[in-house]
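Structure assessment
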Amino acid sequence: MSGELHGVIVAPGERLDQRVEAKAPYIAEVNGVKVATTVGIVSQREGKSVFIPLKGVYVPEPGHVVIGLVESIGVSSWGVDINSPYQAVLAAQDFLGRPFNPAVDDLSRFLKVGDYVKAKVAAFDKTRSPLLSVQGEGLGRIISGVIVEVPPAKIPRVIGKRRSMVEAIEAKTGCSVFPAVNGRVHIDCPSRELEVIAVLAVKLIDREAHRVGLTEKVIRFIEDERRARGV
Amino acid sequence: MSITPFKMPVIPLIKKQAYLNLYEKGLREDGRRLDKPRNIEVKVGVLDKAEGSALVKLGNTQVLVGVKAEVGQPFKDTPDQGVLVVHAENVPLASPIFEPGPPDENAIELSRVVDRSLREVRAVDLESLVIRPGEKVWNLWVDIYVLDHDGNLFDASMLAVMAALETTTLKDYEELETGEILVKRDSPGAKLKINHRVVTVTTAKIGNYIIVDPNFEEEIIADYRLVLAFDENMRIVGAQKTGSGGMTLKDFKTALKISKEVAQIYFKALEQTPK
Amino acid sequence: MGGGAKATLIREDGLRHDGRRPEELRPIRMQVGVLANASGSAIVEYGKTRVLAAVYGPREPYQRFMVLPDRAILRVRYHMAPFSTSERKSPAPSRREIELSKVIREALEDVVLLSEYPRTAIDVYVEVLQADGGTRVAGVTAASLALADAGVPMKALVAGVAVGKVGGVLVLDVDELEDSHGEADMPVAAAPDIGLVTMFQLNGVLSEDELDRGLSMALTAIEKIVSIEKEALKRKFEAIGEEV
């Protein structure tokens with residue numbers, strides 16, 4: 001059965017205490033009063049009152065590491081869906097790490113429509129399309145594993161306090177788990193059976209993101225599943 | 001599908017500020033006070049082929065209305081009433097923002113607000129339009145033709161429609177043995193029976209101010225407009241908030257108060273129209 | 001409007017034809033998150049009136065010219081299903097539906113934080129499944145819930161209700177019979193948390209005093225409907241755990 005709520009649920013337009021902390025746009029000042037702009041939970045964290053949105057729209061910020069889905073191929077760049085209102089651009093020159101010659105290089109040889117890439121948001125300010133870069137440790141085309149989608153607002157729960165949730169899943173399944181801020185979780189496992197269990201564990205977090213005692217519940221879930229499935 | 005307007009002309013920010021600075025002193029760009037409409041000119045009988053017509057100038061805004069009366073069938077659910085149809089056309093020659101094509105949501109809204117304001121109070125005596133109940137009635141086609149758009153099409157159109165209807169004549173006719181109705185085109189005819197005189201008054205909320213009879217630029221910088229329709233007994237016979245902004249109850253009351261006074265000015269303009 | 005059925009609309013005991021008191025709403029039901037594909041969705045019932053709303057976006061529109069540089073645009077379609085009325089309604093958009101799409105869009109624009117998503121479009125689709133009066137105001141309520149369910153940030157929730165005048169009496173939440181035989185129908189939507197009326201129309205004849213009283217009746221009811229909206233939203237998120 002479910003645990004108790006992690007805090008108090010509030011709806012858009014409901015007044016929040018002036019001390020409640022939240023990022024824009026999840027809070028707005030209307031006529032001098034602080035109000036929630038999305039459905040969320042007001043929760044006590046280390047002596048502070050914080051507002052955690054339960055649903056939101058992912059907006060990229062420079063520095064974010066995201067998982068993108070290649071949607072289109074242009075002359076010198078790829079169009080990449082990053083689960084945001086804005087389609088991102090990955091320049092061929094950046095991906096190849098060298099000057100790019102459209103007469104010689106066929107972009108579809110490197111990244112096809114339907115490929116996933118792990119990339120860093122290099123630049124974005126809402127006036128232009130977000131620019132991606134794969135220059136950096138662990139970035140580039142994703143060649144194995146699966147991607148699970150969860151609402152971007154729930155990614156912090158998949159990560160857990162000081163990475164506790166990710167580490168618990170990794171330790172109990174032996175999989176590598178990478179939750180990207182844009183709501184896509186990359187799971188790469190030693191076996192197909194373990195992959196199924198890790199995916200179910202992430203979906204469990206999605207469903208119960210705002211309940212207390214979730215980490216313990218997830219650990220118990222993985223242990224039970226492994227026992228039941230004999231893996 | 002209704003879409004947020006995305007190609008409206010840009011009003012320079014300093015111009016908006018200039019408007020607001022004037023409002024603070026209680027004035028408009030053309031020297032008007034906030035609660036005064038522009039100059040009103042009403043001319044009737046301007047079209048020979050229409051049974052009723054009027055040209056209204058409200059400042060630089062010009063609206064032409066023609067009323068055509070034709071013999072036709074009544075609606076099934078109202079066999080004892082004639083038919084009144086109001087249609088508005090934003091003619092492309094009237095403004096750079098108008099384009100050829102079927103009426104857009106603004107033209108449809110305009111005609112429907114005018115239509116409702118006439119219909120609900122029974123401004124036109126539809127019963128008097130019956131020739132043979134359930135079979136033959138007069139159909140009145142009221143066509144609003146916007147010729148020059150400098151704001152406040154609602155009030156200008158309503159004035160023109162009212163003036164045109166008040167001067168509409170229904171020709172004499174003869175019932176033939178076949179049951180057909182023969183309209184005598186050259187007959188003097190009889191005046192259309194009007195039960196109530198209706199005007200609409202449009203106010204706009206700009207910054208912290210409520211102004212009446214906005215011009216085109218004022219409409220663009222306005223948060224919203226409030227259209228209130230009145231009959232000669234000062235009953236409210238129609239209303240529509242138009243535009244994206246929300247309205248406080250306090251602003252509504254201020255707008256209602258201003259509108260009631262301006263309605264008198266419009267009624268007087270109709271009253272004094274040479275017929 | 002007008003017509004002969006007035007006598008039956010207000011009964012001798014002062015109640016309405018369906019037994020409601022003048023200031024009584026029909027039973028209101030709401031459910032959030034009813035469609036899998038949409039970013040957000042809701043179904044709302046005012047008595048027999050049933051309206052479904054779905055939100056897609058914010059997203060970059062296919063027609064890339066159809067954007068604003070400093071804010072998102074809202075695209076709203078109010079539509080009645082062919083089977084929603086007694087006589088089949090043609091699915092082609094009528095003049096009435098075009099006007100109502102506009103007034104519903106304008107009822108929402110001031111509460112959605114559109115400036116958060118420049119160059120994008122937020123699509124709101126309102127489908128009337130069953131029409132028994134008050135479809136546009138139930139539509140605004142459903143659209144507001146669907147936007148909140150989609151996680152689109154809003155300054156406040158919006159809800160709507162229609163006030164009517166039947167047999168000389170002001171009544172709340174008119175149904176189809178009251179709408180077609182009454183003397184006035186006044187659809188109102190508002191965001192009570194921020195004190196704004198966002199939709200206001202009058203179809204009919206009222207004195208200034210009736211207009212005043214009708215508007216306050218509507219605003220009182222809207223506060224109640226918004227609190228039902230908040231419950232529906234919270235219920236969705238609270239209930240999730242129980243299903244597991």
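Okay, so let's go over this structure. This one's a predicted model, so the numbers in the text were calculated from it and none came from an experiment.

1. Focus: the interface of chain A and chain C
If you look at the interface, chain A gives 35 residues, while chain C gives 33 residues. At the surface where chain A touches chain C, the tally comes to 3 salt bridges. Between Lys126 of chain A and Glu116 of chain C there is a salt bridge, and its shortest N-O distance comes to 3.5 Å. Linking chain A to chain C there are 11 residue pairs in polar contact (both at pLDDT 80 or more). Broken down by secondary-structure element, the contributors of at least two residues to the side of chain A that touches chain C are strand S1 (8-10), strand S2 (27-30) and strand S3 (33-36) of chain A. Residue classes in the side of chain A that touches chain C are distributed as 18 nonpolar, 10 polar and 7 charged.

2. Brief notes about the state of the cysteines
Covalent bonding between the sulfur atoms of two cysteines defines a disulfide. Residue and element names in this part refer to chain A. Inspection of the entire model under this criterion finds 1 disulfide over all chains. Across a sulfur-sulfur distance of 2.2 Å, Cys175 and Cys189 are joined as a disulfide pair. Taking the sign of the torsion about the S-S bond as the criterion, the disulfide between Cys175 and Cys189, at about 110 degrees, is right-handed. Note that Cys175 is positioned in the loop between helix H3 (164-173) and strand S13 (176-180) and Cys189 in the loop between strand S14 (184-188) and helix H4 (192-207), a separation of 14 residues in sequence. Relative accessible area serves as the criterion here: at 17%, Cys189 is assigned to the buried category.

3. Looking at the pattern of salt bridges
Oppositely charged side chains may form a pair once their charged atoms are brought near each other. By the definition in use, this model includes 68 salt bridges over all chains. Glu208 of chain A is paired through a salt bridge with Lys217 of chain A; the nearest N and O atoms lie 3.0 Å apart. Judged by relative accessible area, which is 17%, Lys217 of chain A ranks as buried. In this structure, the salt-bridge partner of Arg132 of chain B is Glu175 of chain B, at a minimum N-O distance of 2.7 Å. Remark: Glu175 of chain B occurs in strand S9 (residues 173-175) and Arg132 of chain B occurs in strand S6 (residues 130-132); sequence separation between them is 43 residues. Taken together, the shared-partner salt bridges connect Arg28, Asp30, Arg32, Arg38, Asp150, Asp213 and Glu218 of chain B into one network.

Thresholds applied
Residues numbered from 1 in each chain as written. Chains lettered and ligands numbered in written order. Predicted model: local features only at pLDDT ≥ 70, side-chain atom pairs only at ≥ 80, totals over all residues. Heavy atoms only, no water. Contact = heavy atoms within 4.5 Å. Salt bridge = Lys/Arg side-chain N within 4 Å of Asp/Glu carboxyl O. Polar contact = N/O pair within 3.5 Å; in protein donor to acceptor, adjacent residues only side chain to side chain. Helix = DSSP H or I, 4+ residues; strand = E, 2+ residues; numbered from the N terminus. Nonpolar A, V, L, I, M, F, W, Y, C, P; charged D, E, K, R; others polar. Disulfide = S-S within 2.5 Å. Buried < 20%, exposed > 50% of the residue type's maximum accessible area, 1.4 Å probe, protein only.

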